Amino acid sequence: MGQRGEGIGCPTPRRSRRSARSRNREIKQHRVRPAAQRDRRWPDMTPARSPGDIVSALQARRRSRPSGWTTQEDLHDIDRALAEHPASAELWMLRGDFILLCDDADDTTPLEEALRSYKTAADLAPTRPEPQLEIGHYMDSVADDPAGAIPFFERAIALGGGQEARDALQAAKQQLGD
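Being a predicted model, the structure only gives us computed values, none of them experimental.

(A) Structural view of the environment of D74. Inspection of the secondary structure assignment puts D74 in helix 4 (residues 72-84). With 15 residues separating them along the chain, D74 and Q59 place their C-alpha atoms 9.7 Å apart. When near neighbours in sequence (up to four residues on either side) are disregarded, D74 contacts R61, R65 and F98.

Okay, here's the thing in structure tokens:
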């Protein structure tokens, strides 16, 4: 067997455990702060991160709240990410979602901004069904215009939107009595 750490049932070399302990001690003594403590307003989202990573981090932060709602701070973070990645359809769609889910009492962002965000995402990703589906949901639920939503649901289906788009189309047609 020879080398330390080799073989079945052999414990991890002591050096790695000691390193973890000393790192924890440094964190507790505030010599090294975890990334989330360095900038609480923009946790784990450095400019080098991809739009998909930023979207995942923001969604996880929203889901971690008991209410599941978003805040103005979340919207500012998305706007900051969009300044770095203006061609990200994912970020534009998330911005629209977060505007609709914003629960701040001082919310000054009009709901029409969500529609504008979804349309920007649709322009950036014309072959993806998700922006079309979101525009349709906005037209149906927020604007209370099921007739205006139908073309977007149909376009989402044509782009491969799946069962969710078909269900949304059927619900919109039922509202119109078709």
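(B) Looking closely at the environment of G148. Tracing the backbone through its elements, the reader meets G148 in helix 8 (residues 146-158). Through-space distance from the C-alpha of G148 to that of A172 is 9.3 Å; in sequence the pair is 24 residues apart.

(C) Just the confidence of the model for the chain, in detail. In this model, the chain carries an average pLDDT of 77, and 70% of its residues clear a pLDDT of 70 or more. Looking at the elements of the chain, mean pLDDT is at its lowest for helix 2 (residues 35-38), recorded as 40, and at its highest for helix 8, recorded as 97. For the stretch residues 1-47, pLDDT sits under 50, and the model shows 37 contacts to residues farther than four places along the chain or on other chains.

(D) How the structure looks around helix 4. Over its 13 residues, helix 4 extends 19 Å from the first C-alpha to the last, a length consistent with the 18 Å expected when each residue adds 1.5 Å. Buried residues along helix 4 sit against helix 3 (51-63) and helix 5 (89-100).

(E) Expanded view of helix 8. Between the first and last C-alpha of helix 8 there are 18 Å, a value that for 13 residues agrees with the 18 Å anticipated at 1.5 Å per step. The complete set of buried residues in helix 8 reads P146, G148, A149, I150, F152, F153 and A156. Buried-residue contacts for helix 8 involve helix 7 (129-142) and helix 9 (162-176). Just downstream of helix 8 lies G160, where phi reads positive at about 95°.

(F) Fine view of the side chain of S88. In this fold, S88 is placed in the loop between helix 4 and helix 5. A distance of 3.2 Å separates a polar atom in the side chain of S88 from the backbone nitrogen of L91. Ignoring anything within four residues of it in the chain, the contact list for S88 reads P51, L82 and L124.

What counts, and where the lines are drawn
Residues numbered from 1 in each chain as written. Predicted model: local features only at pLDDT ≥ 70, side-chain atom pairs only at ≥ 80, totals over all residues. Heavy atoms only, no water. Helix = DSSP H or I, 4+ residues; strand = E, 2+ residues; numbered from the N terminus. Contact = heavy atoms within 4.5 Å. pLDDT = per-residue confidence, 0-100. Expected span 1.5 Å × (residues − 1). Buried < 20%, exposed > 50% of the residue type's maximum accessible area, 1.4 Å probe, protein only. Polar contact = N/O pair within 3.5 Å; in protein donor to acceptor, adjacent residues only side chain to side chain.

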